[in-house]
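# Inside the fold
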Amino acid sequence: MRLQAKVAVISGACSGIGEATAIRFAQEGARLVLGDIDEAKSEILLQKLAQFGCEALFVRLDVRKEDDWIDLFVKAKSRFGKVDVVMNNAGIAISGTVEDMSFDDWTKELSVNLNGVFLGTKHGMKALRAEGGSIINLSSIEGIVGHPGYAAYSAGKGAVRNLTKSAALHAGRSGYKVRVNSIHPGYIKTPMVGDDPEELAHLTKLHPIGFLGEPVDIANMALFLASDESKFATGAEFVIDGGFLAQ
């Protein structure tokens, strides 16, 4: 059990990569705090986690709201006494080039993908700094290279990459035993990517490995970063992309 006795917070926990990570963490003995705005899906996920004997708490979380984050950590510590892992996973994708994207859409996207990660990292650091732990931020391949049709997504994910490095340096130089790393997935078969056969075929061709990733592929990397196996990794970016960035 690689996460035995650890308590992990996951934002955007009730679908896609978040759900897969919650299940993977549960299989490895973690207790979980599930943050999401989708209360209906939380019941389904809690039932799945119960199959592994996982003790889990759902807390409604709008990652854009600092009070929600404060409330989540209060409830987490009240229930479990501590937090060891924070995974900032919640995200959205709104299409738009730098010319045609509205400022409202730009602001909406960054409020989730960047501000939400900032708040999760800020309050996660406060929760973990006394005893140490791991903060895992979900970025993207498009946090390393751009996408012409997703200006805000690229900007936000790029910012998450460097926010992660800044937070890792702060933790290290402050004497905290808190590691902060980012994961950069390629295209993963989740609701965000959709299920249009032509689009999926096009996306598959972008990955030299010849297929798209599954949510569990990212969950497995998150498991490594959440575990003590990654004790020497901080301020780093972990690319899981089927060769996308090798081209």
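Notes on the structure in this doc start here.

Calculation notes
- Residues numbered from 1 in each chain as written.
- Predicted model: local features only at pLDDT ≥ 70, side-chain atom pairs only at ≥ 80, totals over all residues.
- Heavy atoms only, no water.
- Axes fitted to C-alpha atoms, helices over the stretch in contact; angles between N-to-C directions.
- Helix = DSSP H or I, 4+ residues; strand = E, 2+ residues; numbered from the N terminus.
- Parallel < 35°, antiparallel > 145°, perpendicular 65-115°, else oblique.
- Left-handed = near helix turned anticlockwise from the far one by under 90°.
- Contact = heavy atoms within 4.5 Å.
- Nonpolar A, V, L, I, M, F, W, Y, C, P; charged D, E, K, R; others polar.
- Core = buried A, V, L, I, M, F, W, Y, C linked by side-chain atoms within 4.5 Å.
- Buried < 20%, exposed > 50% of the residue type's maximum accessible area, 1.4 Å probe, protein only.
- Patch = residues over 30% accessible without salt bridge, like charges linked within 9 Å, V, L, I, M, F, W, Y side chains within 5 Å.
- Areas by Shrake-Rupley, 256 points an atom, 1.4 Å probe, with all protein chains shown as cover.
- Salt bridge = Lys/Arg side-chain N within 4 Å of Asp/Glu carboxyl O.
- Lys, Arg positive; Asp, Glu negative; His and termini not counted.
- Charge placed at Lys NZ, Arg CZ, Asp CG, Glu CD.
- Expected span 1.5 Å × (residues − 1).
- Arc of directions from axis to C-beta.
- Pairing = 2+ DSSP bridges.
- Right-handed = clockwise from strand over helix to strand, strands pointing away.

## So, the packing of helix H1 (residues 16-27) against helix H8 (residues 215-226)
Packing of H1 against H8 brings their axes to within 8 Å, and their N-to-C directions diverge by 55°. Our classification of the angle between H1 and H8 gives oblique. For the crossing formed where H1 meets H8, the hand is right-handed. Together, Gly16, Ile17, Ala20, Thr21, Arg24 and Phe25 of H1 and Pro215, Val216, Ile218, Ala219, Asn220, Ala222, Leu223 and Ala226 of H8 make up the contact between the two elements. Taken together, the residues of the contact of H1 with H8 break down into 10 nonpolar, 3 polar and 1 charged.

## Details of the nonpolar core
Among the nonpolar cores identified, the biggest contains 31 residues, and Phe25, Leu32, Leu34, Leu49, Ile136 and Ile183 are the most heavily contacted of them. At the level of elements, strand E1 (7-11), H1, strand E2 (31-36), helix H2 (39-50), strand E3 (56-60), strand E4 (85-88), strand E5 (133-138) and H8 are the ones that each hand at least two residues to this core. With 6 residues, the single largest contributor to this core is H8. Setting aside residues no more than four positions away along its own chain, Phe25 makes contact with Leu3, Ala8, Ile10, Ala30, Leu32, Val85, Ala219, Ala222, Leu223 and Ala226. Leu61, Ala76, Phe80 and Val83 belong to the second-largest nonpolar core, a separate cluster that totals 26 residues.

## Comments concerning a negative patch on the surface
A contiguous patch of negative charge on the surface is contributed by Asp195, Asp196, Glu198 and Glu199. Position of Glu199 among the secondary structure elements: in helix H7 (residues 197-205). The partly exposed category is assigned to Glu199, whose relative accessible area is 37%.

## As for the packing of helix H4 (residues 103-113) against helix H5 (residues 115-128)
Look at H4 against H5: their axes get within 3 Å of each other, and the N-to-C directions meet at 20°. Our classification of the angle between H4 and H5 gives roughly parallel. Contacts between H4 and H5 pair Leu110, Ser111, Val112 and Asn113 from the former with Asn115, Gly116 and Val117 from the latter. Looking at side-chain class alone, the contact of H4 with H5 contains 3 nonpolar, 4 polar and no charged residues.

## So, helix H3 (residues 66-80)
Between the first and last C-alpha of H3 there are 21 Å, a value that for 15 residues agrees with the 21 Å anticipated at 1.5 Å per step. Every buried residue of H3 is accounted for by Asp68, Trp69, Leu72, Phe73, Ala76 and Phe80. Buried residues in H3, looked at end-on, bunch into an arc of 130°, giving them a common side. Residues Asp67, Val74 and Ser78 are exposed on H3 and point more than 90 degrees away from its buried face. Tucked into the core, H3 has its buried residues touching E1, E2, E3, E4 and H5. Following H3 by one or two positions, Gly81 has its phi on the positive side, about 85°.

## As for the pattern of salt bridges
Within this structure, the stated rule accounts for 13 salt bridges. Close ionic contact of Lys6 with Asp228 constitutes a salt bridge, the shortest N to O distance being 3.2 Å. Placement of Lys6 in the segment before E1 and of Asp228 in the loop between H8 and strand E7 (237-240) is noted, with a sequence separation of 222 residues between them. One salt bridge connects Lys48 with Glu19, and the closest N-O pair in it is separated by 2.5 Å.

## A few points about unusual backbone geometry
Of note, Ala5 is a non-glycine position whose phi angle comes to about 75°, a positive value. Considering the arrangement of structural elements, one finds Ala5 in the segment before E1. The class for Ala5 is partly exposed, based on a relative accessible area of 40%.

## Some thoughts on the pairing of E5
The buried fraction of E5 amounts to 6 of the 6 residues, a majority that puts the element mostly inside the structure. Pairing of E4 with E5, which is carried by 4 bridges, proceeds in the parallel orientation. Pairing of Val86 across the sheet is with Ile135, part of E5. Across 6 bridges, E5 lies against strand E6 (residues 178-185) in parallel orientation. If you follow Ile135 over to E6, its bridge partner there is Val180. Tracing the backbone out of E5, into helix H6 (residues 151-173) and back to the parallel element E6 gives a crossover that is right-handed.

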